[in-house]
Amino acid sequence: MGEDSSGNMLYGNLRQFLTTVDELRDVGLQKYVNLPRIVVIGTQSAGKSSVLESIIGLNVLPRHSGVCTRRPLELRLVHMDEREHTVKDAWAQFADNPKKFTNLEEVTAEILRLTDQVAGRNKGIVDDPITMTLHATVCPDLTVIDLPGITRVPLKDSEQGDDIEQVTKAMTMRYIQDPRTICLAVMAANQDLSTSDALQLARQVDPKGIRTIGVLTKIDIMDRGTDAMKALRGDEIPLRLGYVGVKNRSQADIDAGMQVQQALDAEDKWFAEHARYSKLPPGHTGTRSLVDKLTVVMYHHIKSFLPQICREIQDKKTTVAMRLSELGDGVPVDDFDRVQLMWTMVTDYCEMFRNTIRGKFDRRLQMYTGTEDVVHGGSQIRNIFSDLMWELDQNDCLSGMSDDEMNAAIRLHEGDSLPGFPSMDTFEFLMLPHLRKIEVPCMQCLDHVASTVEQLTQRIAHAVFRRFPKMAQQVIALSKVILDREAEATRSIVQHLVEAETGYLFTNDEDFLVHHGGMESIFKEGNKSVAKAKAKAPGGKAPPPAAEGDGLFEQDDAKPDKGYLQSAQEGISSAYTSVSTKLVGAPPPPSKKKPVYAAQFVNEIRNRLNSYFKVVVRNVRDGVPKAIGWFLVRSMMSKIQFELYTALNKPDGMADLLGEPAHIVEERKQLAGQRDTLGKAYDVLQRDPVMVNQLSFALENIDLDDEALAAPAPQPKAARGSTSFKMTPQAPTTQAAPKVASRPAAPVTAPATVGKAAAKTRSLFEDEGPVGGPL
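Sequence positions are assigned chain by chain, starting from 1 and proceeding in written order. Whole-chain, interface and lining totals are the exception, using all residues; otherwise, since this is a predicted model, local features are given only for residues with pLDDT of at least 70 and side-chain atom pairs are given and counted only at 80 or more. In computing side-chain values, all of the structure's heavy atoms are included and hydrogens and water are not.

*Asks:* Which residues make up helix H10 (residues 335-358), and what values go with them?
*Replies:* Helix numbering and strand numbering both begin at the N terminus, where a helix is a DSSP run of H or I of at least 4 residues and a strand a DSSP run of E of at least 2. A helix is expected to span 1.5 Å multiplied by its residue count minus one. Taking 1.5 Å as the rise per residue, H10 with 24 residues should run 34 Å; its terminal C-alpha atoms sit 34 Å apart, in good agreement. One or two residues past the end of H10 sits Gly359, with phi positive at roughly 80°.

Shown next as structure tokens:
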């Protein structure tokens, strides 16, 4: 009595779960979320259809030699209460066909008709499933998919191509690669299991064998002296869910009119009287044991995955809603609404442009471009400004010029006046070649900033106006016109600024005026030199004064102090030599009677030139970025919105600009359908309060095995006691979901096949742990 009560409770819960999953399939959820199912796989003529027919318990499937299944057949088996119905009350119904078939021969004929309608009459195989729901008292509550058998060689004079083996294997892989699918691998017991195509394909997607059940057919026609004991015990190729041996009807039994129930009774008797198979533990032989195993496995499988499916539905609903929000509604028809739409997008575009340059956080920017593709135009512009003439600011401009070359330059511009009074021409002659280096980096800086702003406008425009490519191109073109105009005006300003810095030599820089504004630094340098010479002289006495000259001059034959000399660079030296030669001809050979300027004086001139050049570079590094930032960047930010709105606000061209491409319209249509399907699926899960409570509890306490339950879109493991997901009622959508016909909640009783094998199977799974997940 206790076993019957537990069996009825198990089948009652299974029926509830299966009804929920089948209704989820009815609303089309399988297009977006994988649902638990049992798939029958095997080679051609391995006995798949016979096994499935034995599970059903009725003669409803086409049976003949050769290829029987040419289209996948999804069988939704519904067990009817034996207290209210008889075997003759069985009836079937096909998808997209409201007719209720009560004659089982008509069911077989309808399957053949639907197969020929799509796959043709010439043995063709097509991956277009037939969905049939069968209600009977002898069938269990299961949903099983029968696939066409793996065919190695195409039949003669058929529509099967030479690649029929690849086609059938690829079809099988598409169905079983989903981790939520249980593989029912059917193979002949009189063949080597290691060469079984069904097991090989199952091991590819389920290497640990945690969701594969092996079924050994033709066990009664094995060679004498051989048996399938090792295979049934899992000694050869182990499977977590084990193997079951079955004895199907032979073709002679079918021709003799043996019914399925008679064949099941004969099967039980054969295994019970067999000398070796009768000694196996319960659950290893017989179709009824297979049904018990499938029932328990499917129950725990759905129970394990249903919380994940609920969570996946919620996540997909959120994702679809966000994408639909990005795409927006369809294009309005009214002119006022069109202008309003255009103005909204232009405003978003301009505000995002301004916020990006100023570095402000803008949620719309993340919504349009995504968190991984956020642009930061302001930081890019700042980096360009920071790099302006950085190398020139770090080096001395006259580091490559020797003292002799500077002496030559000073003498070159003395003219016929009194020696010892260098002219301003000398300063300009030495400084202007270096000041001319400033113009090119300034113009490059302007071009780089303009290019950065242009790229920024393009990226934001493509993001904001992605629905309307023509408007996006128009906005990009108008932005380019505004940018080019402001860049040209800024170029003139920068050029004038550079010309002022390079053409007029003047400074109020305090450091320059203090350190280089008088002759004090020259005398300090001279005193230091005398003190050093006195310290090095014997007896500490100062060396005698020079025979000729004064503090500004030295004799030509006097060797200059090497400490004041620096290595000459070939480029600068040749340039100055070339200029001097063109102006005064080749310099005469040095004469001992001609004075040269003292090293202290030459060094001071060098320091003044270097110091002034740094002042100019500093002024330009400050002034040019300010000019570009104000006259180009800020001007662009302030003018772009008004000019775009003025240029685009033309009623005659608005319809063309707001024309959506076909792929956007199609994407919105598909997303709307997906949103409706997910909403219907949510309603199915919300319909039963008991189911809601069970799912909420499971989601709070489930402890998933990540490897066994590797779903297509894995979710983080919910902590025990967390409240990350609640099945709360949802506000009704604007479009009411069509009602899905739910099956009557009649008292559920277990089929007559439930016995000790089912109890043994349940205890086996509960002891060993999860089957593809927690049990």
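*Asks:* Could you give an account of the confidence of the model for the chain, with specific residues and numbers?
*Replies:* Values of pLDDT, ranging from 0 to 100, describe the predictor's confidence in every residue of the model. Across the chain, pLDDT averages 75, with 69% of residues at or above 70. The least confident element of the chain is strand S9 (residues 553-555), whose mean pLDDT is 45; the most confident is strand S8 (residues 243-245), at 93. Residues count as neighbours in contact if any of their non-hydrogen atoms are within 4.5 Å of one another. Here residues 545-576 is modelled with pLDDT under 50, and outside its nearest four sequence neighbours on either side it reaches 51 contacts, counting other chains as well. Confidence drops under pLDDT 50 across residues 702-775; counting only partners more than four residues distant or on other chains, this segment forms 144 contacts.

*Asks:* Lay out the pattern of salt bridges in plain terms, naming residues and giving numbers.
*Replies:* Take a side-chain nitrogen of Lys or Arg and a carboxyl oxygen of Asp or Glu: if they are within 4 Å of each other, that pair is a salt bridge. Counted according to the given criterion, the structure contains 24 salt bridges. The closest approach of N and O atoms between Arg83 and Asp81, which form a salt bridge, is 3.3 Å. Given a relative accessible area of 6%, Asp81 falls into the buried group. For the salt bridge of Asp127 with Arg174, the shortest nitrogen-to-oxygen distance reads 2.8 Å. Of this pair, Asp127 sits in the loop between helix H3 (104-119) and strand S4 (130-136) while Arg174 sits in helix H4 (residues 164-176), and the two are 47 residues apart along the sequence. With a 1.4 Å probe rolled over the protein chains alone, any residue whose accessible area is under 20% of its type maximum counts as buried; one over 50% counts as exposed, and the rest are partly exposed. Looking at Asp127, the relative accessible area reads 30%, which means it is partly exposed. Three or more residues are tied together by salt bridges with common partners; here these are Asp22, Arg25, Asp26, Glu74 and Arg76.

*Asks:* Tell me about the packing of helix H12 (residues 377-386) against helix H21 (residues 599-648), and name the residues and values.
*Replies:* Running from N to C, H12 and H21 cross one another at 150°; their axes reach a closest spacing of 10 Å. Relative to H21, the element H12 is oriented roughly antiparallel. Every pair of crossing elements has a handedness; the one defined by H12 and H21 is right-handed. From H12, Ile381, Phe385 and Ser386 reach across to H21, where they touch Arg621, Pro625, Ile628, Gly629 and Val633. Side-chain classes follow a simple rule in which Ala, Val, Leu, Ile, Met, Phe, Trp, Tyr, Cys and Pro form the nonpolar group, Asp, Glu, Lys and Arg form the charged group, and the remainder, Gly included, forms the polar group. In terms of residue class, the contact of H12 with H21 is built from five nonpolar, two polar and one charged. Whenever a helix is involved, its axis is fitted only over the stretch in contact; in every case the axis is a line through C-alpha atoms, and angles between N-to-C directions fall within 0 to 180 degrees. Any angle that is under 35 degrees is reported as roughly parallel, and any over 145 degrees as roughly antiparallel; angles of 65 to 115 degrees are reported as roughly perpendicular and all others as oblique. Left-handed is the label given to a crossing in which the near helix is rotated counterclockwise from the far helix by less than a right angle, and right-handed is the label when the rotation is clockwise.

*Asks:* Break down the sheet that holds strand S6 (residues 181-188) for me, with residues and values.
*Replies:* Strand order in the open sheet made by the eight strands is S3-S4-S2-S5-S1-S6-S7-S8, with mixed pairing throughout. Looking at which strands have only one partner, the edges of the open sheet turn out to be strand S3 (91-94) and S8. With strand direction ignored, the average angle separating the axes of adjacent strands in the sheet is 25°. Inspection of the sheet shows S3 paired to S4 by four bridges, in the antiparallel sense. What sits directly across from Ala92, in S4, is Leu134. Helix H5 (residues 197-205) contacts strand S1 (37-41), S6, strand S7 (212-217) and S8 of the sheet and is inclined by roughly 155° relative to S6. The sheet contacts of helix H9 (residues 287-327) involve S1, strand S5 (142-146), S6, S7 and S8, and relative to S6 the element is tilted by about 160°. Strands are labelled as partners when DSSP assigns at least two bridges between them.

*Asks:* Mind laying out the packing of helix H15 (residues 424-435) against H21, listing which residues take part and the relevant values?
*Replies:* It is at 11 Å that the axes of H15 and H21 come closest, and there the two elements cross at 40°. Comparing the axis directions of H15 and H21 gives the class oblique. By crossing handedness, the relation of H15 to H21 is classed as right-handed. Facing Phe427, Leu430, Met431, His434 and Leu435 of H15, the residues of H21 in contact are Ile605, Arg608, Leu609, Tyr612, Phe613 and Val616. A per-class count over the contact of H15 with H21 returns nine nonpolar, one polar and one charged.

*Asks:* Give me the lowdown on unusual backbone geometry, citing residues and values where you can.
*Replies:* At Lys218, a position not held by glycine, the phi torsion is positive, near 55°. Turning to its location among the elements, Lys218 is positioned in the loop between S7 and helix H6 (229-233).

*Asks:* Talk me through the nonpolar core; I want residue IDs and the actual numbers.
*Replies:* Tyr349, Ile438, Val449, Phe465, Met471 and Ile628 are the most contacted members of the largest nonpolar core, which has 72 residues in total. It is H21 that contributes the most residues to this core, 19 residues altogether. Counting residues in each nonpolar core, the second largest holds 64 residues, with Leu14, Ala90, Leu134 and Cys310 among its members. Remark: nonpolar core denotes a set of buried residues (Ala, Val, Leu, Ile, Met, Phe, Trp, Tyr, Cys) joined through side-chain atoms within 4.5 Å.

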